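Residues per chain, in single letters:
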Amino acid sequence: MTVRQLKTGYFNLTALNTIATSYYLNYLFFFLRDNFGFGNRQNLWITALHGLLYALAAWQGGKFAQRHGFLTSLKLGFAGLTLAMIAGGLLHSFFIGIICGLICYTLVLLLTWPALEALVIENETTSAVPRMVGIYNCTWSAGAALAYFTGGKLYDLLGRGAVFWLPAMIFAGQFFITLWLTR
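For clarity, every value in this text was computed on a predicted model and none was experimentally measured.

About the thresholds
- Residues numbered from 1 in each chain as written.
- Predicted model: local features only at pLDDT ≥ 70, side-chain atom pairs only at ≥ 80, totals over all residues.
- Heavy atoms only, no water.
- Helix = DSSP H or I, 4+ residues; strand = E, 2+ residues; numbered from the N terminus.
- Rg over C-alpha atoms; globule rule 2.2 N^0.38 Å.
- Contact = heavy atoms within 4.5 Å.
- Areas by Shrake-Rupley, 256 points an atom, 1.4 Å probe, with all protein chains shown as cover.
- Lys, Arg positive; Asp, Glu negative; His and termini not counted.
- Charge placed at Lys NZ, Arg CZ, Asp CG, Glu CD.
- Buried < 20%, exposed > 50% of the residue type's maximum accessible area, 1.4 Å probe, protein only.
- Polar contact = N/O pair within 3.5 Å; in protein donor to acceptor, adjacent residues only side chain to side chain.

Each helix and strand counted, the protein chain has 7 helices and 0 strands in total. Each helix and strand of the protein chain, ordered N terminal to C terminal, gives the series α-α-α-α-α-α-α. Taking 2.2 N^0.38 as the reference for a compact globule, 183 residues should give roughly 16 Å; the C-alpha atoms of the protein chain span a radius of gyration of 16 Å, in line with that estimate. Dimensions of the protein chain along its principal axes, counting C-alpha atoms only, are 50 × 30 × 30 Å. Residue pairs at least 24 apart in sequence account for 87% of intrachain contacts in the protein chain once pairs closer than 6 positions are excluded. Entry remark: accessible area of the protein chain is about 9,600 Å², with carbon and sulfur atoms responsible for 69%. Of the side chains in the protein chain, 11 bear a positive and 5 a negative charge, and the two mean positions are spaced by 3 Å.

Have a look at this one:
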């Protein structure tokens, strides 16, 4: 596989990761409203918890990826994200299924983003890095827009549980794509 083909694979992983992540995080609040009667205040607390953990985990996720390798970080991240989504879908308890699932999801998610960001600029010349970062930013923002514009319809069409099952399938697919790219 050429370097450009690998980069295309990393951009595809970025898009898929953004779609799954955006779908889960955008529609988790509707799930909490529909299943647990959450209002804006309770959803704000969930968002604050996610944001706090995200800020702390981003720093550690990048360090882990540098120490253990970007592809190792991706494999562990996608496997962990798949398991966190499956647990969220199976465990209907608010604390165990939702809160612990969100905590695990957030911590494991940060094994993926720093590694993906590093892989798209790895071995690029100084003049090519801004172009690759620009493509990376367009890739994740297009994935987020797609999830935003299709998520409501998917939530209605597939049911509440799809908040967990759809991302779980995407994350599992990413795990297998990463295994393939590693070869």
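Take the side chain of Asn 43 next. For Asn 43, the position within the fold is in helix α2 (residues 40–68). Judged by relative accessible area, which is 11%, Asn 43 ranks as buried. A distance of 3.5 Å separates a polar atom in the side chain of Asn 43 from the backbone oxygen of Phe 29. Setting aside residues no more than four positions away along its own chain, Asn 43 makes contact with Phe 29, Leu 32 and Phe 38.

This part is about the side chain of Ser 73. With respect to the helices and strands, the residue Ser 73 is situated in helix α3 (residues 70–90). Those residues in contact with Ser 73 that lie beyond four places of it in its chain are Phe 64, Ala 65, Leu 111 and Ala 115.

On to unusual backbone geometry. With a phi angle near 65 degrees, Asn 123 is a residue other than glycine that sits in the positive phi range. Mapped onto the elements of the fold, Asn 123 is located in the loop between α5 (113–121) and α6 (129–158).

The analysis is restricted to geometry; functional conclusions fall outside its scope.
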